[in-house]
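Read off the chains here:
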Amino acid sequence: MVTTSRLGGGIAAHPAAGPALDLEVDVVVIGAGLIGCAVTYGLSRAGYHVALIDKGKVCSGASSANFGRIQIQDSESGAPLDLAMRSAAMFPSFLAGLGFDVEYEPSGALMVAQTPAEWDALVEAQQPKCRQGLDVRLLGSDDARVVEPYLDAGWVCGASYSPNEGQLNPMLYTMALAARSVEMGVKALEDCSVEGFDVSGGRLAGVITSRGRVRCGAAVLCAGAWSHAVGKKAGLELPVEFVMGEALITESLPRIVSGYFCLASFFETAHSTGQAVSACCTQTRSGNMLVGEATVKMRGDALPAAEDERRRNTHFAPRAIAREVLRFFPTIAQANVIRTWRTFAPFTSDHRPVLGMSRKLDGLAVCAGFKSTVVVTPLLSWLVVDLLKHGNRAIPREIAHGCTF
């Protein structure tokens, strides 16, 4: 029997007030979201002395505005799908080792095509994944209604169903990774922005922050949508863009969505030029529905100028999101919305992450731009350890973006 605990008083971070930092560690991890905290946890377990830094608080960016889905079927076939399947299979043992209740529950995911053309494209995309070993089932509209009984199947031309996915609370999960890392000696530095990099003889020697200098032998850039802006301070042009995504959260409701629902056109719509709306939804353990998503595509260099936009929702998005999702789940028409969010969701043009050691600055690794974030965290927690030990040969070329950085 695995004993789990709930998080208590947050993370024991080093306070921002006080004398300037003068630390020396093995590795600095930049960005305290899902990816950064998973990487930090893996490095700590491997015996590295780590400083985790963030310009805000732990889990204060996109990781706090996240559905928490362990998504597999939307991965590209080939190496990206292999990575997602391997990582998803690690979750039960990974979370048992973490020892916190992060509201993890196995559940399926239904991806819906609305038109014959979308259905043909969905079948073409999913069949190679079936051959690759993914349990994904192609369904007609009646069978889709069996999976999701409250679904209005009149809008459904066909669907693919992936039964072996899952969900967790992304905030609890991120905080748990950070808390366990701090227990192992990690220095968590909040309100600590990167101002530059200390380079000696062409190799990284430290990270210069708003709170002082942190000497290190290596650094891992896991700053999500901010990776482009931070990378420029090291002389890198990272191809990480982002969408400004908006979503709604309802009051607690009886179980309406059994797993995760999204449109097959979701990613294409979300990353199109200009303002876009697509439908996706799921329910938390407590019954709140997470309903999305409206997006605006933005260039990576739009930060930091766009930072203030994250703090307020648009007038357009809440009504547009509700209108789109109600086509499929009219049962929730009378539900009260209790919260909204707007955040930066990073991506790359080919939906493959920027992952590897920099060829321009020895000692700097980049780990950013993942299409789906939660699913890859267990595997990344040790993959980055291999990356620092063995260099880029530790990363299969097919899973990463083809850029040189």
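Everything quoted here is computed from the prediction, not taken from an experiment. (Residues numbered from 1 in each chain as written. Predicted model: local features only at pLDDT ≥ 70, side-chain atom pairs only at ≥ 80, totals over all residues. Heavy atoms only, no water.)

## What to know about the overall build of the protein chain
We apply this condition: The helix count covers DSSP runs of H or I at least four residues long, the strand count covers runs of E at least two residues long, and both are numbered beginning at the N terminus. The atom set for the radius of gyration is the C-alpha atoms, and the globule formula is 2.2 Å times the number of residues raised to the power 0.38. Any two residues whose heavy atoms approach within 4.5 Å are treated as being in contact. Computed by Shrake-Rupley with a 1.4 Å probe, the accessible areas treat only the displayed protein chains as cover when residues are assessed. We score Asp and Glu as negative and Lys and Arg as positive, and we do not count His or the chain ends. To locate a charge, take atom NZ for lysine, CZ for arginine, CG for aspartate or CD for glutamate.
Per the secondary structure count, the protein chain includes 10 helices and 19 strands. Its C-alpha radius of gyration of 21 Å places the protein chain within 12% of the 22 Å reference for a compact globule of 405 residues. With the principal axes as the frame, the protein chain shows a C-alpha extent of 65 × 50 × 40 Å. Taking all contacts inside the protein chain whose residues are at least 6 apart in sequence as the whole, residues at least 24 apart take part in 77%. Accessible surface, the protein chain as shown: approximately 16,500 Å² in total, 51% of it carbon and sulfur. Taken together, the 37 basic and 39 acidic charged side chains of the protein chain have centroids lying 4 Å from each other.

## What to know about the packing of helix α1 (residues 34-45) against helix α6 (residues 170-183)
Spelled out, the test is: Helix axes are fitted only over the stretch in contact, all axes being lines through C-alpha atoms; the angle between N-to-C directions runs from 0 to 180 degrees. Small angles under 35 degrees read as roughly parallel and large ones over 145 as roughly antiparallel, with 65 to 115 read as roughly perpendicular and the rest as oblique. Left-handed describes a crossing in which the near helix is turned anticlockwise from the far one by less than a right angle; the clockwise case is right-handed. The residue classification treats Ala, Val, Leu, Ile, Met, Phe, Trp, Tyr, Cys and Pro as nonpolar and Asp, Glu, Lys and Arg as charged. All others, Gly included, are polar.
Contact pair α1 / α6: the axes reach a minimum separation of 8 Å and the direction vectors enclose 30°. In terms of axis orientation, α1 runs roughly parallel to α6. Like other packed secondary-structure pairs, α1 and α6 cross with a definite hand, here left-handed. Of the residues in α6, those in contact with L34, C37, A38, T40, Y41 and S44 of α1 are P170, Y173, T174, L177, A178, R180 and S181. In terms of residue class, the contact of α1 with α6 is built from 8 nonpolar, 4 polar and 1 charged.

## A short note on the sheet that holds strand β1 (residues 21-24)
Test applied: Between any two strands, pairing holds if DSSP finds at least two bridges.
A sheet is described by the order of its strands in space; here 4 strands give the open sequence β1-β11-β10-β9, paired in mixed fashion. Of all strands in the sheet, those bounded by a partner on one side alone are β1 and β9 (194-200). Sheet twist, expressed as the average angle between the axes of neighbouring strands with direction ignored, equals 20°. Taken together, the 4 bridges between β1 and strand β11 (residues 212-215) define a ladder with parallel strand orientation. Its bridge partner being in β11, E24 is matched across the sheet by R215.

## Some points on the packing of aromatic side chains
What counts here: When the centres of two rings from Phe, Tyr and Trp lie within 6.5 Å, Trp using its six-membered ring, the rings pair. Their planes under 30 degrees apart give stacked, over 60 give edge-to-face, and anything left gives tilted. Remark: exposure states derive from per-residue accessible area (1.4 Å probe, protein chains only) relative to the maximum for the residue type, with buried under 20%, exposed over 50%, and partly exposed in between. By definition, being over a ring means that NZ of Lys or CZ of Arg is both within 6 Å of the ring centre and within 35 degrees of the ring normal.
This structure, assessed with the given rule, holds 7 aromatic pairs. Between F91 and Y104, the aromatic rings sit 6.2 Å apart at their centres with planes inclined by 10°, giving stacked as the arrangement. Highlighted residues: F91 in helix α3 (residues 91-98) and Y104 in the loop between α3 and β5 (105-113), separated in sequence by 13 residues. Classification of Y104 by relative accessible area gives partly exposed; the value is 25%. Each member of the aromatic cluster is reached from another via a ring pair, and the members are F91, Y104 and Y173. Its guanidinium or amino end placed over the ring of W155, R327 lies 4.4 Å from that ring's centre, counting from NZ or CZ.

## Considering the side chain of T209
In plain terms, the rule: Polar contacts here mean pairs of N or O atoms no more than 3.5 Å apart (in protein, one a potential hydrogen donor and the other a potential acceptor; neighbouring residues in sequence count only if both atoms are side-chain atoms).
Tracing the sequence through the fold places T209 in strand β10 (residues 203-209). Residue T209 is classed as buried on the basis of its relative accessible area, which comes to 4%. Polar side-chain contacts of T209 include one of 3.0 Å to the backbone nitrogen of R211. At 2.7 Å, the side chain of T209 forms a polar contact with the backbone oxygen of G212.

## What about the confidence of the model for the protein chain?
Note the following rule: The predictor attaches a confidence to each residue, and that confidence, scored 0 to 100, is pLDDT.
Across the protein chain, the average pLDDT comes to 90, with 93% of residues at or above 70. Counting interchain partners and residues more than four positions distant, the pLDDT-below-50 stretch residues 1-9 has 18 contacts.

## Topic: the pattern of salt bridges
Convention followed: Salt bridge, as applied in this entry: a Lys or Arg side-chain nitrogen positioned within 4 Å of an Asp or Glu carboxyl oxygen.
Within the structure shown, the criterion is met by 13 salt bridges. A salt bridge links E246 to R342; its shortest N-O distance comes to 3.4 Å. With E246 in strand β13 (residues 241-252) and R342 in strand β17 (residues 337-347), this residue pair connects regions lying 96 residues apart in the sequence. R342 shares its class with E246; the two are buried. Among the charged side chains, a salt-bridge network with shared partners connects D22, E24 and R215.

## Quick word on the environment of S278
Within the fold, S278 resides in strand β15 (residues 275-283). Residue class for S278 comes out buried when judged on its relative accessible area of 3%. Spatially, the C-alpha atoms of S278 and E293 are 5.6 Å apart, while their sequence positions differ by 15 residues.

## A word on the packing of helix α2 (residues 79-89) against helix α10 (residues 377-390)
Where α2 meets α10, the closest approach of the two axes is 7 Å, and the angle between their N-to-C directions is 100°. When the interaxial angle is binned, α2 and α10 end up roughly perpendicular. Packed against α2, whose contacting residues are L83, R86 and S87, the element α10 presents T377, P378, L379 and W382 at the interface. Split into classes, the residues belonging to the contact of α2 with α10 amount to 4 nonpolar, 2 polar and 1 charged.

## Considering the environment of C37
Relative to the helices and strands, C37 resides in helix α1. Of the residues examined, C37 reaches a relative accessible area of 0% and is grouped as buried. Look past the residues within four positions of C37 in its chain and what remains in contact with it is G31, A32, L52, V58, T174, L177, A178 and S181.

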